[in-house]
Every structure is written in C-alpha cells, then in structure tokens.
Amino acid sequence: VQLQASGGGLVQAGDSLRLSCAASELTFSTFSTYAMGWFRQAPGKEREFVARISRNGGSTYYTDSVKGRFTISRDNVRKTVYLQMNILKPEDTAVYYCAADKGLIVTTEAGRYDYWGQGTLVTVSS
C-alpha cells in the first residue's frame, strides 16, 4: 500500500494548512477497510500520534494538544484522508506522516499501523 502525503509548507503562527494523503493505488473498497491516522515527528523527538479516523469516518480521535484546532476527515471515494490544521503554533512544526491500520482496535501506537506515507514537512514560524 502506497500512501502519498502532501500539503506541507512554511506558514506563520495562526495560519492554516490542509494535509492530504492519497492511496491512489487502492480500490475504493480496499481503502475503506483501513482506519487512517496522522502522526508527526519533530526534530530530535519521537514520532507522536496526532489524529485517527475510523473506516467510515464516523469516529475520530485526537491528541490533546491539537483538539479544537485540527480536524481529520476522509473521502473514501477519492481514497484520501485529510488533516485540516488551524491556528498553527510553532510547536506544531514537524514532519507529518499518514498511516493506515488494518486492525480493528483503536490505537495511537505508531508500531501498530501497517503502512506509512513518506511524510510532509510543516514549519510554523513565530
């Protein structure tokens, strides 16, 4: 499974960005069997969970630091998952990765996700 993340860039604090992650090689039905997540890794830090969305988009989960600012969504027809990031802060600076989870149990552990995109860099200046 190939995941292609895009949408990163350099923005100022308070700005917004929308990340996309496309699974173009999957069929609609196969993509719909994966829960999807976003993780991020800042320089010198471990990869951390940001958000997760269930297979049908009905359930979402966020790390506390992004609640109320970030929104994860998905379009199963387009086989794409999104991360809308508002009110960005310098501490949001990181490489953002999308990931796919075949499992049925909700998890925020990176090691439990099965497939990963290549990452897209988000830099927030103060």
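Only a predicted model underlies this, so the values are computations on that prediction, with no experimental measurement involved.

Non-glycine residue Lys-79 carries a positive phi angle of around 55 degrees. Tracing the backbone shows Lys-79 in the loop between strand S7 (70-75) and strand S8 (80-85). The exposure class of Lys-79 is buried, given its relative accessible area of 17%. Look at Ile-87: it is not a glycine, yet its phi comes out positive at around 50 degrees.

Turning next to the nonpolar core. By size, the foremost hydrophobic cluster in this structure holds 30 residues, and its most contacted members are Met-36, Trp-38, Leu-83, Met-85 and Tyr-96. Elements with a contribution of two residues or more to this core: strand S3 (17-22), strand S4 (35-41), strand S5 (48-53), S7, S8, strand S9 (94-101) and strand S11 (120-125). Of all the elements, S9 adds the most residues to this core, at four residues. Dropping the residues within four chain positions of it, Leu-83 is found in contact with Leu-17, Arg-18, Leu-19, Trp-38, Val-50, Ala-51, Phe-70, Thr-71, Ile-72 and Tyr-96.

This paragraph deals with the packing of aromatic side chains. Scanning the model with the defined rule gives six aromatic pairs in all. Relative to Tyr-115, the ring of Tyr-34 has its centre 5.9 Å away and its plane inclined at 90 degrees; by these criteria the two rings are edge-to-face. Placement of Tyr-34 in the loop between helix H1 (28-31) and S4 and of Tyr-115 in strand S10 (residues 115-116) is noted, with a sequence separation of 81 residues between them. Aromatic ring contacts, followed pair by pair, group Phe-39, Phe-49, Tyr-97, Tyr-113 and Trp-116 into a single cluster. The lysine or arginine in question, Arg-47, covers the ring of Tyr-97, its NZ or CZ lying 3.8 Å from the ring centre. Over the ring of Trp-116 we find Arg-47, and its NZ or CZ is 4.8 Å from the ring centre.

Procedures and definitions
Residues numbered from 1 in each chain as written. Predicted model: local features only at pLDDT ≥ 70, side-chain atom pairs only at ≥ 80, totals over all residues. Heavy atoms only, no water. Helix = DSSP H or I, 4+ residues; strand = E, 2+ residues; numbered from the N terminus. Buried < 20%, exposed > 50% of the residue type's maximum accessible area, 1.4 Å probe, protein only. Core = buried A, V, L, I, M, F, W, Y, C linked by side-chain atoms within 4.5 Å. Contact = heavy atoms within 4.5 Å. Phe/Tyr/Trp six-rings, centres within 6.5 Å; stacked < 30°, edge-to-face > 60°. Lys NZ or Arg CZ within 6 Å of the ring centre and 35° of its normal.

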